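One letter stands for each residue in the lines below.
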Amino acid sequence: MSELYPGVPEAARLGGPDTVLSEDQIRQFVLTELGRYDFDGKRVTLVVPDGTRHAPVAMMAKHIRDALGDRPKDVRVVIALGTHDDMSEAAIAQLMGTEPGEFSREYPGWQIFNHAWRDEDTFANLGTIDRAQIGEFSGGRLTDRDMTVLVNKMVVDTDITLILGPVLPHEVVGISGGNKYLFPGLSGHDVIDMSHWVGALITSFDMIGARGITPVRRMIDAAAALVPSEKLLLGMIVKPGSLDLQFVSFGDARSSWEACADVSAEVHVKYVPKAYRRVVSIMPTMYEDIWTAAKGFYKLEPVVADGGELILYAPHITEIAHMHPGLLNIGYHNRDYFVKQWDRFKSHPWGELAHSTHLRGIGSYDAETGEETNRVTVTLATSIPRGVVESVNLRYLDPSEVDFEALAADPDTLVVPQAGELLHRLESERGNLPK
């Protein structure tokens with residue numbers, strides 16, 4: 001039985017932190033485990049991540065297709081966008097391993113949809129979780145607001161919700177995956193805003209990499225419990241810097257996530273001997289704006305020394321947040337800046353407030369003097385104009401002026417290629433990360 005979820009059966013699992021699985025091993029696991037599960041005559045909704053998640057989705061989706069065969073009544077695929085932009089036909093083709101416009105040829109009888117989060121008709125209202133429960137789940141951090149649970153109808157009007165997704169350290173929930181693909185992946189704004197704000201109150205610095213049922217995980221699990229379909233997870237642990245899988249699990253969305261989280265805590269955390277005065281996060285092109293590329297800060301903040309600097313190097317990025325222009329109004333500030341001026345900011349979308357604090361990091365704010373003090377300097381070396389960068393309270397650096405040879409020679413600088421997935425922590429924290 002599950003350790004974190006008493007009474008929930010353990011998930012089937014293959015691999016571990018010290019292995020790399022072959023495609024034959026993975027395929028046999030998927031065929032066997034899904035083959036013994038009762039999909040016959042069932043309506044199935046397959047939930048997949050969008051292009052900001054690094055994983056072999058196409059390979060796994062094709063194994064799922066073969067494992068399900070013609071047993072289900074129907075299969076719909078929905079892309080868990082959260083509040084990201086729609087994926088284009090070409091992007092969907094790349095995600096699912098097809099040619100543009102040829103999805104139905106590769107996946108006969110299946111349909112695929114973006115999560116249309118802008119459309120109110122997308123959502124089913126599953127009711128509310130009252131403020132007393134929210135207060136309990138959040139450890140007393142949020143006590144004065146009920147939480148309305150809206151979710152994409154496709155995971156309500158179905159028999160089985162099958163989630164396919166990688167599991168990684170995450171700034172809001174501790175370790176991502178599982179029910180998080182429903183909330184916020186397919187969620188209405190209330191769960192997104194409230195859960196993200198609770199994460200911001202805890203701070204990313206203290207939350208990221210926590211492997212247990214964190215306050216935010218409790219909120220997400222409570223919302224997911226209202227979803228009437230059976231919820232399964234085919235979870236993946238992706239080897240850092242590759243598309244290889246080290247571990248897969250299948251079962252109840254909770255216990256399968258738990259199995260992956262244990263491995264992620266070993267695979268996706270790199271311990272370094274000291275904090276660095278300067279850290280340079282080189283961001284992959286799959287991150288298209290600062291909203292998504294901010295992971296290069298979240299995953300490296302813990303190893304920047306007090307008073308140090310973190311540089312997000314991403315010359316391909318031209319804007320702060322395509323889908324969240326409100327960030328241009330509030331800028332980037334630490335948690336206390338908002339908390340100590342709550343009447344001023346409480347009507348702004350809390351998800352944007354949370355993102356703001358997560359990228360700005362730990363700091364303080366003196367309400368009497370209006371002085372904000374931040375632990376580290378955040379610098380953008382992107383194609384966003386200087387005026388825009390400085391208007392949101394960040395430092396501008398022309399990417400053409402970044403001298404990687406000099407940076408690499410500096411013993412107090414850490415340069416991290418392909419940043420955004422591997423969490424860095426201090427060696428002194430090994431074995432002492434939050435549970």
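Residues numbered from 1 in each chain as written. Predicted model: local features only at pLDDT ≥ 70, side-chain atom pairs only at ≥ 80, totals over all residues. Heavy atoms only, no water.

So what exactly am I meant to see when it comes to the nonpolar core here?
In a soluble, globular protein the nonpolar side chains are often hidden away together inside. In this structure, Val47, Phe183, Ile320 and Leu359 are the most contacted members of the largest nonpolar core, which totals 95 residues. A per-element tally of this core places helix H9 (residues 253-267) first, with eight residues. Every residue in contact with Ile320, bar those within four places of it in the chain, is listed here: Asp289, Ile290, Trp291, Leu327, Leu328, Tyr332, Leu380, Ile384, Val388 and Val392. Residues Leu21, Ala55, Ile79 and Trp117 belong to the second largest nonpolar core, which totals 41 residues. (Core = buried A, V, L, I, M, F, W, Y, C linked by side-chain atoms within 4.5 Å. Buried < 20%, exposed > 50% of the residue type's maximum accessible area, 1.4 Å probe, protein only. Helix = DSSP H or I, 4+ residues; strand = E, 2+ residues; numbered from the N terminus. Contact = heavy atoms within 4.5 Å.)

Honestly, the sheet that holds strand S18 (residues 395-396) in this entry has me stumped. Any pointers?
One key point about sheets: their strands pair by backbone hydrogen bonds, in either a parallel or an antiparallel sense. Ordered in space as S18-S17-S14-S13-S19, the five strands form an open sheet in which the pairing is parallel. Looking along the sheet, the strands with just one partner apiece sit at the ends: S18 and strand S19 (413-416). As defined by bridge partners, strand S14 (residues 304-314) adjoins strand S17 (residues 377-382) across six bridges and the pair is classed as parallel. Residue pairing across strands places Leu312 opposite Leu380, the latter belonging to S17. (Pairing = 2+ DSSP bridges.)

Even after reading the chapter, I still don't get the sheet that holds strand S2 (residues 43-49), so can you show me in this structure?
Spatially, S1-S11-S10-S7-S2-S3-S4 is the arrangement adopted by the seven strands of the open sheet, whose pairing is mixed. Two strands bound the open sheet, and with one partner strand each, they are strand S1 (12-15) and strand S4 (110-114). With strand direction ignored, the average angle separating the axes of adjacent strands in the sheet is 15°. The sheet contact formed by S2 and strand S7 (residues 160-166) spans four bridges and is parallel. In the sheet register, Leu46 faces S7, and the bridge partner there is Leu162. Across the sheet, helix H2 (residues 57-68) touches S2, strand S3 (74-80), S4, S7, strand S10 (230-238) and strand S11 (245-252), and the angle it forms with S7 is around 150°. (Axes fitted to C-alpha atoms, helices over the stretch in contact; angles between N-to-C directions.)

Would you mind showing me how to read the packing of aromatic side chains here?
Two descriptors summarise a pair of aromatic rings, namely the distance from one centre to the other and the angle between the planes of the rings. Under the counting rule described, the total for this entry stands at 11 aromatic pairs. Between Phe103 and Tyr107 the ring centres are 4.9 Å apart and the planes differ by 20°, which places this aromatic pair in the stacked class. Each member of the pair Phe103 and Tyr107 is classed as buried. An angle of 90° between the planes, with centres 4.9 Å apart, marks the rings of Tyr313 and Phe404 as edge-to-face. Of this pair, Tyr313 sits in strand S14 while Phe404 is found in helix H17 (residues 404-409), placing the two residues 91 residues apart along the sequence. Residue classification places Tyr313 among the buried positions, given a relative accessible area of 17%. Through pairs of rings, three or more aromatic residues link up here, namely Tyr337, Phe338, Phe345 and Tyr365. Lying over the aromatic face of Tyr107, Arg65 brings its terminal NZ or CZ to 5.6 Å of the ring centre. Above the plane of the ring of Trp350 lies Arg145, whose end atom (NZ or CZ) is 4.3 Å from the centre. (Phe/Tyr/Trp six-rings, centres within 6.5 Å; stacked < 30°, edge-to-face > 60°. Lys NZ or Arg CZ within 6 Å of the ring centre and 35° of its normal.)

What is the right way to look at the pattern of salt bridges in this model?
Note on pairing: side chains with opposite charge can pair once their charged atoms come close. Following the criterion strictly, the structure yields 30 salt bridges and no others. A salt bridge links Arg145 to Asp190; its shortest N-O distance comes to 2.5 Å. Taken as a pair, Arg145 in the loop between helix H5 (131-137) and strand S6 (147-152) and Asp190 in helix H6 (residues 189-202) lie far apart in primary sequence, 45 residues in all. Put simply, Arg277 and Asp412 hold a salt bridge, and the shortest N to O gap is 3.6 Å. Taken together, the positions of Arg277 in strand S13 (residues 276-282) and Asp412 in the loop between H17 and S19 put the pair 135 residues apart, joining distant regions of the chain. Residue Arg277 is classed as partly exposed on the basis of its relative accessible area, which comes to 37%. The exposure class of Asp412 is partly exposed, given its relative accessible area of 24%. Linked by salt bridges that have partners in common, Lys274, Arg277, Arg278, Glu309, Arg395, Asp410 and Asp412 make up one network. (Salt bridge = Lys/Arg side-chain N within 4 Å of Asp/Glu carboxyl O.)

Would you mind showing me how to read the UniProt feature "domain: LarA-like N-terminal" (unreviewed entry) in the protein here?
According to UniProt, the feature "domain: LarA-like N-terminal" (unreviewed entry) maps to residues 41-198 in the numbering used here. Along residues 41-198 the backbone is 26% helical and 27% strand, and the end-to-end C-alpha distance reaches 40 Å. (UniProt positions renumbered as here; feature names shortened; annotations may be inferred.)

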